[in-house]
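Here are the chains, one letter per residue:
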Amino acid sequence: AHLAGACAGWASWAEFRRQIIQNPCLNDTGEQVDGINKRRILDRADRTPAELVAEFRAVAPKATRTRQRLPALLRNLRLPLGPPLGTAPLHYLTDNIYTRDQWMHRYDLCAATGKEMVATPDHDGRIVALVVRDLAQTLDKQLERPVQLVLTGVAGGVYHLGAPGEPACTVTLDVYDFSLLASGRIA
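Treat the numbers as computed from the prediction; the structure is a model and nothing was measured.

Draft legend 1. Inspection of the pairing of strand β4 (residues 157-161) at higher detail. Here β4 shows a buried face lined by Gly-157, Tyr-159 and Leu-161 and an unburied face lined by Val-158 and His-160. Pairing of strand β3 (residues 147-152) with β4, which is carried by five bridges, proceeds in the antiparallel orientation. Residue Val-147 lies in a different strand from β4, and its bridge partner there is Leu-161. Linking β3 to β4, which pair antiparallel, is a turn of four residues; within it Gly-153 sits at a positive phi near 110°.

Draft legend 2. Quick look at the nonpolar core. Membership of the largest hydrophobic core comes to 19 residues, with the highest contact counts inside it found for Trp-103, Val-128, Val-132, Leu-149 and Leu-151. Elements with a minimum of two residues in this core: α6 (90-113), α7 (123-139), β3, β4 and α8 (175-182). Broken down by element, the residue count for this core peaks at five residues, all from α7. Not counting the four nearest positions on each side in its chain, Leu-151 is found in contact with Val-128, Val-132, Gly-156, Gly-157, Tyr-159, Leu-173, Val-175 and Phe-178. In this structure, Cys-7, Ala-11, Val-59 and Leu-93 belong to the second largest nonpolar core, which totals ten residues.

Draft legend 3. Layout of the pattern of salt bridges. Enumeration over the complete set of coordinates arrives at eleven salt bridges. Its salt-bridge partner being Arg-18, residue Asp-43 comes within 2.2 Å of it at the nearest N-O pair. Here the residue Asp-43 occupies a position in helix α3 (residues 32-43), and Arg-18 occupies one in helix α2 (residues 13-20), the gap between them amounting to 25 residues. Notably, a salt bridge pairs Asp-134 with Arg-133, separated by 3.4 Å at the nearest N-O pair. One network of salt bridges, with partners in common, ties together Glu-15, Arg-18, Arg-39, Asp-43, Arg-44, Arg-47 and Glu-55.

Draft legend 4. Representation of the packing of α7 against α8 within the structure. Relative to each other, α7 and α8 sit at 45°, their axes nearing to 11 Å. As the angle between them shows, α7 and α8 are arranged oblique. In the crossing of α7 with α8, the sense of the turn from one axis to the other is left-handed. Residues Val-128, Val-131, Val-132 and Leu-135 of α7 form the contact with α8, whose own contacting residues are Val-175, Phe-178, Ser-179 and Ala-182. Tallied by class, the residues present in the contact of α7 with α8 amount to seven nonpolar, one polar and no charged.

Draft legend 5. Seen up close, the environment of Ile-36. Structurally, the position occupied by Ile-36 is in helix α3. Between the C-alpha atom of Ile-36 and that of Asn-23, which follows or precedes it by 13 residues, the distance is 7.3 Å. Ignoring any residue separated from it by four or fewer positions in sequence, one finds Ile-36 in contact with Gln-19, Ile-20, Asn-23 and Leu-26.

Draft legend 6. Inspection of the confidence of the model for the protein chain at higher detail. On average, residues of the protein chain score 91 in pLDDT, and 97% of them are at 70 or above. Across the protein chain, the secondary-structure element scoring lowest on mean pLDDT is strand β1 (residues 78-82), at 80, and the one scoring highest is β3, at 97.

Draft legend 7. Spatial organisation of the packing of aromatic side chains. According to the stated counting rule, one finds six aromatic pairs in the structure shown. Note on Trp-10 and Trp-13: the rings are 6.2 Å apart at their centroids and 70° apart in plane angle, and the pair reads as edge-to-face. A centroid spacing of 5.9 Å and a plane angle of 70° characterise the contact between Trp-10 and Tyr-98, whose relative ring orientation is edge-to-face. Residue Trp-10 is found in helix α1 (residues 2-11), and its partner Tyr-98 is found in helix α6; the two are separated by 88 residues along the sequence.

Calculation rules
Residues numbered from 1 in each chain as written. Predicted model: local features only at pLDDT ≥ 70, side-chain atom pairs only at ≥ 80, totals over all residues. Heavy atoms only, no water. Buried < 20%, exposed > 50% of the residue type's maximum accessible area, 1.4 Å probe, protein only. Helix = DSSP H or I, 4+ residues; strand = E, 2+ residues; numbered from the N terminus. Pairing = 2+ DSSP bridges. Core = buried A, V, L, I, M, F, W, Y, C linked by side-chain atoms within 4.5 Å. Contact = heavy atoms within 4.5 Å. Salt bridge = Lys/Arg side-chain N within 4 Å of Asp/Glu carboxyl O. Axes fitted to C-alpha atoms, helices over the stretch in contact; angles between N-to-C directions. Parallel < 35°, antiparallel > 145°, perpendicular 65-115°, else oblique. Left-handed = near helix turned anticlockwise from the far one by under 90°. Nonpolar A, V, L, I, M, F, W, Y, C, P; charged D, E, K, R; others polar. pLDDT = per-residue confidence, 0-100. Phe/Tyr/Trp six-rings, centres within 6.5 Å; stacked < 30°, edge-to-face > 60°.

Next comes the structure, spelled out in structure tokens:
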């Protein structure tokens, strides 16, 4: 429901306004994103999984096109995204965060239903690489010595974090465990 609602919001400006601006649930929660998601879920509470999948398939292509076609002035508008992101340009939200959110929820749905998540190095590996890139930008300022990150699985890879030079250690994680950890969903 959350994913279908998010796509519906980007596929229609009227729906976007209803979810983001004219949303009474925004007052129910401490975080804006929680109020937006609450509205999306409540709107779809009576739908079957098949209906949610059908809605997602119907609106996702238009939602993607809308996000890709946002004018540069809007794309560069800085928005308060809350901790730990602080403020970031809208394009970071539309191009990175939404893509990762969809990917992580794809993993969640597979795990919840006992289905295997079919991943490819090209598609899924690129999403993971974007997560590592953001992590590296944060850690590069904090690491005293370089670290090698080895992510196992089809979407994984080997990454160098920190200053150039010989890594002080190697950290090896399953790509999905890494993604859960990087998103703050496990500690």
